[in-house]
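Listed below, chain by chain, are the residues.
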Amino acid sequence: MDKEEILMEEKFEIDRLEILDCSKLEFYKDSGNFISLKYNGEDYFNVRLTRLVPFFSKTTYISVAYDNKENEFVELGVIKDMKELSEEQYKMIDEYLEYKYYMPEITKIYSIKDNNRGFIFVDIDTTSGRKTICIRDWYSNFRMLTEHLLYAVDVDGNKYCCNDIDTLDKKSLAILEIFV
Amino acid sequence: MNLLLKAPKGHELSEYLFSLPFNLYGKAKKVDGTLSVTRQNIIVYIDGEERDRYEFDDFEEYACEQLIGCSMMVGKIGDRSQKCLCAFTQDSFIAFAELCKIINHYLTTGVLVEESDIDEPKCPKCGLPLDSFTECPYCASKVKTFSKLFARLKPYKGAFAIAILCTVIAELLNVVSPMINQILIDDYVWPRNQSNWAGFAVLCLSMFVLIGINTLLDWANMKASFYVSLNLGQDLRQDVFSKTLDLSMSSISKKTAGDLINRVSNDANKLQSFLTDNGKNAVVRIFSLIIVAIIMFTMDWRLSLMAILPIPVVALIIKRAYNTIQMYYGRSWRFSNAHSKLLHDALDGIRVVKTCGTEELEIEKYTKASYNAAKASSKAEVVWYMIWPASDFLLTIGNYFVLYFGAMMILSKLPAFGSFTLGELSRFTSYVGMLYTPLRWLLQLPRQLADVSVSASKVFEILEENTDVRDTEDCVDLDIKGDIEFDNVYFGYKVYNPVLKDINIKLEQGKMYGIVGHSGAGKSTMINLILRLYDVTQGKITIDGVDIRKISQESLRSQVGVVLQETYLFEGTVLENITYAKPDATFEEVVQAAKIAHCHEFITKLPDGYNTRVGNKGHTLSGGERQRVAIARAILHNPKIIILDEATASLDTETERQIQEGLAELCRGRTTIAIAHRLSTLSNADSLIVLDKGRLVETGPHDKLMRHKGVYYELVMAQRKTTKMREANIDAKEDPKDGAPAMA
């Protein structure tokens, strides 16, 4: 292989979406309960797992990356579908991602009050219990991402969603209708 | 900030120094947890049971890490080992971050601070975030705010009094009109009185006189009101602007430019119109309400009660109705806005739409947005026409009772109510009408008051803010030579997140220093501290042996020249921009500075020479030209210390070479501190300061650091590798193997 070919190879190494072979991945929890990885004979400490399309799929296209010695982001590749992982590995990754993307789902809307100064107070039931959330700049932070997916970010940065607003009861929908 | 919020079950708060609740643990499941800190330990409780116990020094550093949906407190040992102590939703982030800062402070100094010194991020009363406010603008005492606002009228009290007086007299005259009407009806219309034309003429004349006087009063009122309004607005805007420029960078950076512009213009304008319009109206409307009510009750108290009694109930209904109308109009506005944005987007990106062949898709999206906007607007209109006539009817419902019972009294069918003439009834109903006008206004008033009080709080917060970087009483004007020393300097933009840690270094007069390090290592922060845009959190910086906090800011900054990557040129001419830092410079000095900065040549070629307007942010000049104008500005400033923050980073190699010559002239004999990502541009520096994660890890000239093979060596090697790869990519694109043209 001449120099040019090596360089071309390097170029494509960078540009290509590297789909990881799940059978070669061995995730494990280190002493601090953070996820590390053994892959191709190398140990990667505290790998960074990211849902590339978090709103549309929770278990497909998961980026696996780490920070190198220079603190630079290096992506090892992408898990195309977590189903290809063993049951135990799937569980470990899923638990971590559920933690990282902790986002209670809205199951009912009791009321929405607008204080007419850019804030709304939304009284909701979520998968983590009932709560009144305060949303600032609500045109941006309380909106439909698709026809069905409602997404809310409160003043503290906590995120909430409703994957399909059609599953909400009629009263919730009537309240929601005025605001989205 | 209170960090002693909740004790674990079965324990008392008094057992701990700090105790914070957390709500996530294990598999992101909700728990009732507490992280409590004693003088010796950090203890994690779940449901009142002790789960983990740590000594402070089990870890080297504590940090709060923000994930996507939650955050966690971690203990770290070196770069490669860390443990999650607990996790929580984002509302607890600031409190845990502050706790980490306190424990880290203990680990470095051995002093365990028992109270947090940062402000509460939320209003304890309403729970809304305080953002940059010291007091919640929604909960601040309205009386206090409005009294401060009205105090601003003091210089214009004469004109304001005239405006009020004119309006009050006009209102009183309005009360007279129905009286004349009554006499006209009772004495001349019913029964017909054709014998006394003189009396009729006098009444008509008095009506004309009333109209004339009212017009004159209106004119005087407008003149006085405009005088007060314009002057007051100017005062407010001027004061807010001057104070804004006087604030420290840390205060300013807490607010966005948009927010500050809003405070200077919109909020100040809102106060201006409120004071001169509503402020005056408040006096007049309430006065008119009282006068009209007294006259009505004097005429007939029973009919007056009929007119007034339904009002409180109706007002409540109407308030709700107004809110509903407003919500529907808000929704209509949002849909219409979304429709406009889509239109704007598609037309702005028409080339992309055409090249991708997505016209059908865009038309479909537009049709949908347009349909939604029309539907929302139609719904809002339907709601309006359903609610508004009904609510106005309800508000004035008392009038119908008055008409019914008044007519019965005229016909003497209600002997218990007494009798009424037609003229009296006409007069009475005029007063009822006059009663509803201030009432409609009063219904809107609470909303306006709330709105204005928020604007007032925002404006007064700036006017009353004490800037945290300020000159001390014993500060001096120093003739700077150029020796700079960092002595045990710690600094963080956010108190819980130090950016610079334990920096100790001496910079000698007349030498050039380069600051290098990864992004976020603290390079620009060091420069900000030398300029005293911020004050150090711990330690001190001295210039020629004098603590910079003891040097007057004007004296310091007038002797430091700065050239930044993104040069900011003000709207104006080239000449105005060069002389910005030294307005009294002679033209010869300006040309000399321009020649040294290698910009005289291109300025000469501009159509209007030094009088050429540079346009908004200097857009008529190229990046290199703007940079050279900035260098000329710095040269003319004749600084003792030069700061170059990525001064040539955005330029091509040729322009950079030309500018380097200008910079070399500028830096000769002056203490120079430069930051550059292209490490090659710093290889001539007398010494390099290498920062890593906020700590000073290496210093020395390029050759020495390369031999040392430490952090600097790795940075240089990494950069060389990247450059080679980039070059290889460019070569590969320019010369593909198969001879076919490469895709861009």
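No experiment lies behind these values; they were computed from the predicted model shown. (Residues numbered from 1 in each chain as written. Chains lettered and ligands numbered in written order. Predicted model: local features only at pLDDT ≥ 70, side-chain atom pairs only at ≥ 80, totals over all residues.)

## Quick look at the overall build of chain A
Moving on, step 1. Within chain A one finds 4 helices and 12 strands.
Moving on, step 2. Buried residues in chain A amount to 20% of all 180 residues.
Moving on, step 3. Taking the intrachain contacts of chain A between residues at least 6 apart in sequence as the baseline, contacts between residues at least 24 apart amount to 34%. (Helix = DSSP H or I, 4+ residues; strand = E, 2+ residues; numbered from the N terminus. Buried ≥ 20, exposed ≤ 12 C-beta atoms within 10 Å, placed from the backbone. Contact = placed C-beta atoms within 7 Å.)

## Some remarks on the packing of helix H7 (residues 301–308) of chain B against helix H11 (residues 397–410) of chain B
All names here are of chain B.
Moving on, step 1. Between H7 and H11, whose axes approach to 7 Å, the crossing angle comes to 150°. Compared by their axis directions, H7 and H11 come out roughly antiparallel. The crossing of H7 and H11 is right-handed. The segment H7 lies against H11, with Leu-303, Met-306, Ala-307 and Ile-308 engaging Gly-398, Asn-399, Phe-401, Val-402, Phe-405 and Gly-406.
Moving on, step 2. Residues belonging to the contact of H7 with H11 are distributed by class as follows: 7 nonpolar, 3 polar and no charged. (Axes fitted to C-alpha atoms, helices over the stretch in contact; angles between N-to-C directions. Parallel < 35°, antiparallel > 145°, perpendicular 65-115°, else oblique. Left-handed = near helix turned anticlockwise from the far one by under 90°. Nonpolar A, V, L, I, M, F, W, Y, C, P; charged D, E, K, R; others polar.)

## Let's talk about the packing of helix H3 (residues 157–189) of chain B against helix H4 (residues 197–246) of chain B
Residue and element names in this part refer to chain B.
Moving on, step 1. Between H3 and H4, the shortest axis-to-axis distance is 9 Å and the interhelical angle comes to 160°. When the interaxial angle is binned, H3 and H4 end up roughly antiparallel. In the crossing of H3 with H4, the sense of the turn from one axis to the other is left-handed.
Moving on, step 2. Split by residue class, the contact of H3 with H4 holds 23 nonpolar, 6 polar and 1 charged.

## Considering the confidence of the model for chain A
Moving on, step 1. Chain-level pLDDT for chain A is 85 on average; 88% of the residues reach the 70-or-more range.
Moving on, step 2. Taking the mean pLDDT of every element in chain A, the minimum, 52, falls on helix H1 (residues 3–15) of chain A and the maximum, 94, on strand S11 (residues 150–153) of chain A. (pLDDT = per-residue confidence, 0-100.)

## Here's the deal with the nonpolar core
Moving on, step 1. Among the nonpolar cores identified, the biggest contains 69 residues, and Ile-578, Ala-593, Ile-631, Ala-632, Ile-635 and Ile-643 of chain B are the most heavily contacted of them.
Moving on, step 2. In terms of residue count, the dominant contributor to this core is helix H18 (residues 623–637) of chain B (7 residues).
Moving on, step 3. With residues up to four places along the chain from it excluded, the contact list for Ile-635 of chain B reads Ala-593, Ile-596, Ala-597 and Leu-666 of chain B.
Moving on, step 4. Core analysis: the next-biggest nonpolar cluster, separate from the first, contains 63 residues, Ile-79, Ile-106, Ile-112 and Phe-142 of chain A among them. (Core = buried A, V, L, I, M, F, W, Y, C linked by C-beta atoms within 7 Å.)

## Remarks on the sheet that holds strand S10 (residues 142–144) of chain A
All names here are of chain A.
Moving on, step 1. Spatially, S10-S11-S12 is the arrangement adopted by the 3 strands of the open sheet, whose pairing is antiparallel. One side of each edge strand has no neighbouring strand; the edge strands of this open sheet are S10 and strand S12 (159–162). Within this sheet the neighbouring strands show an average axis-to-axis angle of 15°, counted without direction.
Moving on, step 2. As paired elements, S10 and S11 share 3 bridges and run antiparallel to each other. Counted as the bridge partner of Arg-143 is Tyr-151 from S11. (Pairing = 2+ DSSP bridges.)

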